[in-house]
Amino acid sequence: MTTKLTLSVIIPAYNEEKTIEKVIRQVNDQPLVTEIVVVNDCSSDGTKNILDGLGDLEKLRVFHHEKNMGKGAGIRTAQKEITGDIVIIQDADLEYDPVEYPKLYKFFVEKNADAVYGSRYSGNEVMVDSFVHYYGNRLLTTVSNIFTNLHLTDMETCYKMIRADFFRNMKIECHCFGFEPEVTAKLVKSKARIFEVPIYYEPRPFDHGKKITWWDGVKAFWYIFKFNVLR
């Protein structure tokens, strides 16, 4: 009989008052999820008040930063709080759909995975992304693959489901969006068994609150080099 693994979901959030409650309730409705750890990164809109009003959700725990520090910092705060067997990062917008969790989860049960990446660009049906965002992600993934010797199609994906013992032992250094190349490099150096599976993705345009910019892409090249070569 297969032992059921408990799943912790980390949601770093900054100024997501329009979507945060809907995302959390979608995550809460997933049977696999045993806890939700939200880190509010000193939002200046109504995000904090919304989070404080969700006391009806028993799976939910909320932490607030007193100053804005970035996505990576939010993940690092949650890293110390999770209790599950495996963990996944969930963005606080509506680009990624929590109904996809079982696609990643099954690799831990059936294939003894240490990490599973949900790929937005591997032949799955997706909403058409912008030219710059699509090819920017492909370029970053290719450069990362050169250093890690992996064959990922989407290194920058938010959906990275990771065995908790690997995740807890990982020293996360990046404060911002550099978490993605950092965690990839560190998983490889830890000899993790990494799988990849297609997921549905609905990109959010910048006029709807998307926060990652071209400068974050430029910095990602530095993080790829830093965590693969200098660490």
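Right above here is the structure, for reference.
Residues numbered from 1 in each chain as written. Predicted model: local features only at pLDDT ≥ 70, side-chain atom pairs only at ≥ 80, totals over all residues. Heavy atoms only, no water.

Draft legend 1. Region of interest: the packing of aromatic side chains. Considering all chains together, one arrives at 9 aromatic pairs under this definition. Measuring from centroid to centroid gives 5.6 Å for Y101 and Y159, while their planes differ by 55°, and the two rings are tilted. Here Y101, found in helix 4 (residues 101–110), pairs with Y159, found in the loop between helix 5 (131–148) and strand 6 (160–163); they are 58 residues apart in sequence, far enough to count as distant. Considered together, Y101 and Y159 belong to a single accessibility category, that of buried residues. (Phe/Tyr/Trp six-rings, centres within 6.5 Å; stacked < 30°, edge-to-face > 60°. Helix = DSSP H or I, 4+ residues; strand = E, 2+ residues; numbered from the N terminus. Buried < 20%, exposed > 50% of the residue type's maximum accessible area, 1.4 Å probe, protein only.)

Draft legend 2. Just the pairing of strand 3 (residues 60–64), in detail. Here 5 bridges tie strand 2 (residues 33–40) to strand 3, and the two strands are oriented parallel to one another. Counterpart to V39 in the pairing with strand 3 is F63. On the question of chirality, the crossover connecting strand 2 to the parallel strand 3 by way of helix 2 (residues 47–52) is right-handed. (Pairing = 2+ DSSP bridges. Right-handed = clockwise from strand over helix to strand, strands pointing away.)

Draft legend 3. Up close: unusual backbone geometry. Positive phi values are uncommon outside glycine, yet N15 reaches one of about 55°. Looking at the element boundaries, N15 is found in the loop between strand 1 (7–13) and helix 1 (20–28). For N149, which is not glycine, the phi dihedral falls at a positive 65°. Within the secondary structure, N149 sits in the loop between helix 5 and strand 6. Given a relative accessible area of 71%, N149 falls into the exposed group.

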